[in-house]
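# Secondary and tertiary structure notes
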Amino acid sequence: MYIRKNQRNLTSAEKKRFVNAVLELKRRGEYEDFVGLHTDFYNSDGEGGPRAGHMAPSFLPWHRRMLLEFEGALQRVDPNVTVPYWDWTTDNTPAAALWAEDFLGGDGRARDQQVLTGPFAYGGGHWTIKGGVTEGKFLTRNLGRPSAPISLPSKAELASAMDETVYDAAPWDSTSASGFRNRLEGWTSDREQPWLNHNRVHRWVGGHMLGASSPNDPVFWLHHAFVDLLWDRWQQKHPKATYLPRTRLPADDPQYGRAISLEEPMPPWDVRPSQLLDHKNLYRYDA
Ligand code: CU
Ligand code: CU
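As a starting point, this report considers the structure included with it. Note that the coordinates shown come from a computational prediction; the quantities given were computed from them, not determined experimentally.

## Considerations on the coordination of the copper ion (ligand 1)
The coordination sphere of the copper ion (ligand 1), as far as protein atoms go, consists of H38 (NE2), H54 (NE2) and H63 (NE2), spread over 2.0 to 2.1 Å. Taken in sequence order, the residues that donate to the copper ion (ligand 1) follow the motif H-x15-H-x8-H. A spacing of 3.8 Å is found between the copper ion (ligand 1) and the copper ion (ligand 2). Comparing H54 with H63 shows no difference in burial state: the two are buried.

Structure representation (structure tokens):
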């Protein structure tokens, strides 16, 4: 059992070890596997076919498993490293220590959103973005989207997700109007506030965090560790609520074969959501 800490409480030595382990996975070429995994499972509900990672009930267990895979890879490099979490309701400005030179580095520059500071700046020679021919080789960010400013989710906005009493609701996709999963994942048709919670954090960071290859920005892991922690908090708040759908959807349900129920395997791991509802034997959060 190990502890995942709030990034704001890491010592400089702990920050360094996390960064070094991430850089080592990059050097070995293993980091690209995680970017590829996320890209492969970025299918949306408009596309048809099964959805394991996004716009679906299994959004939370799927990302929990992905984080465990990544954390395991980090720990094979350095057994003392765990994935920190970023509480974006508190550390909610570009001035947060998260973005300092000794940790994740700062914002992208105005011209091309290229990150120029910290260990993941292209100029440092250790963080070249691989993949699409049309994309640049350098990490990009656009913190707060200055051209059309957005803010990180507030505690009040997050409370609207935490107050949901059921885990998820039909039609089990990005249009689910109630349920914790979609309020936290953050799809909505509200034109005033088109991105909530988890989704808005991706929008706020901008650059690589906007798309399917968002793990190219290491802040992805800290963001999703906090999302994972929030699932814990929601379970504590609603102890009688369970993962939904509990049973396989009937064949006449439009989401049959598309949304994963409690005991159906999640690709690519062949692990069921029921196996990921409790992680306390593996890791705990410091909050
Ligand atoms: Cu994702
Ligand atoms: Cu995400």
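There is more to say, and it comes next.
## Here we look at the pattern of salt bridges
All told, the structure shown has 21 salt bridges when counted by the stated rule. Residues D112 and R109 are paired through a salt bridge, measuring 2.8 Å at the closest nitrogen-oxygen approach. Classification of D112 as partly exposed rests on a relative accessible area of 23%. Residue classification places R109 among the partly exposed residues on the basis of a relative accessible area of 29%.

## A short note on the layout of surface pockets
Roughly 200 Å³ of internal volume is contained in the largest pocket. Counting residues per element, the lining of the largest pocket draws most heavily on helix α6 (residues 197–205), which supplies four residues. Its residues assigned to classes, the lining of the largest pocket shows six nonpolar, 10 polar and two charged. I3, K5, L10, E14, R17, F18, N80, V81, T82, V83 and P84 are the residues that line the second largest pocket. Looking at the lining of the second largest pocket element by element, the count peaks at three residues for helix α1 (residues 12–28). Its residues assigned to classes, the lining of the second largest pocket comprises six nonpolar, two polar and three charged.

## Points about helix α3 (residues 59–77)
Between its terminal C-alpha atoms α3 stretches 28 Å, which fits the 27 Å expected from 19 residues at 1.5 Å a residue. In terms of burial, α3 is largely enclosed, as 14 of its 19 residues are buried.

## Comments concerning the packing of α3 against helix α7 (residues 219–237)
Between α3 and α7, whose axes approach to 10 Å, the crossing angle comes to 130 degrees. Taken together, the axis directions place α3 and α7 in an arrangement best described as oblique. Two packed elements cross with a definite hand, and for α3 against α7 that hand is left-handed. Facing α3, whose interface residues are F59, L60, P61, H63, R64, M66, L67 and F70, α7 presents F220, W221, H224, A225, V227, D228, W231 and D232. Its residues assigned to classes, the contact of α3 with α7 comprises 11 nonpolar, two polar and three charged.

## Quick look at the side chain of D87
Position of D87 among the secondary structure elements: in the loop between α3 and α4 (155–162). Apart from residues no more than four positions distant in its own chain, D87 is found in contact with N6 and F226.

## Here we look at the nonpolar core
Grouped together as the largest cluster of nonpolar side chains are 71 residues, with contacts concentrated most on W86 and W221. Elements that contribute at least two residues to this core include exactly α1, α2 (31–40), α3, α4, α5 (180–185), α6, α7 and β2 (283–285). Here this core gets 11 residues from one element, more than from any other, and that element is α7. Setting aside residues no more than four positions away along its own chain, W86 makes contact with Q7, D91, L98, W99, L152, V201, W204, V205, V219, L222, H223 and F226.

Parameters and conventions
- Residues numbered from 1 in each chain as written.
- Chains lettered and ligands numbered in written order.
- Predicted model: local features only at pLDDT ≥ 70, side-chain atom pairs only at ≥ 80, totals over all residues.
- Heavy atoms only, no water.
- Donors = N, O, S within 2.8 Å, 3.2 Å for Na, K, Ca; no water.
- Buried < 20%, exposed > 50% of the residue type's maximum accessible area, 1.4 Å probe, protein only.
- Salt bridge = Lys/Arg side-chain N within 4 Å of Asp/Glu carboxyl O.
- 1 Å grid on protein atoms, 1.4 Å probe; cavity = no way out; pocket = protein on both sides within 12 Å on 5 of 7 lines; lining within 4 Å.
- Points joined across faces, edges and corners; volume = space filled by probe spheres on them.
- Helix = DSSP H or I, 4+ residues; strand = E, 2+ residues; numbered from the N terminus.
- Nonpolar A, V, L, I, M, F, W, Y, C, P; charged D, E, K, R; others polar.
- Expected span 1.5 Å × (residues − 1).
- Axes fitted to C-alpha atoms, helices over the stretch in contact; angles between N-to-C directions.
- Parallel < 35°, antiparallel > 145°, perpendicular 65-115°, else oblique.
- Left-handed = near helix turned anticlockwise from the far one by under 90°.
- Contact = heavy atoms within 4.5 Å.
- Core = buried A, V, L, I, M, F, W, Y, C linked by side-chain atoms within 4.5 Å.

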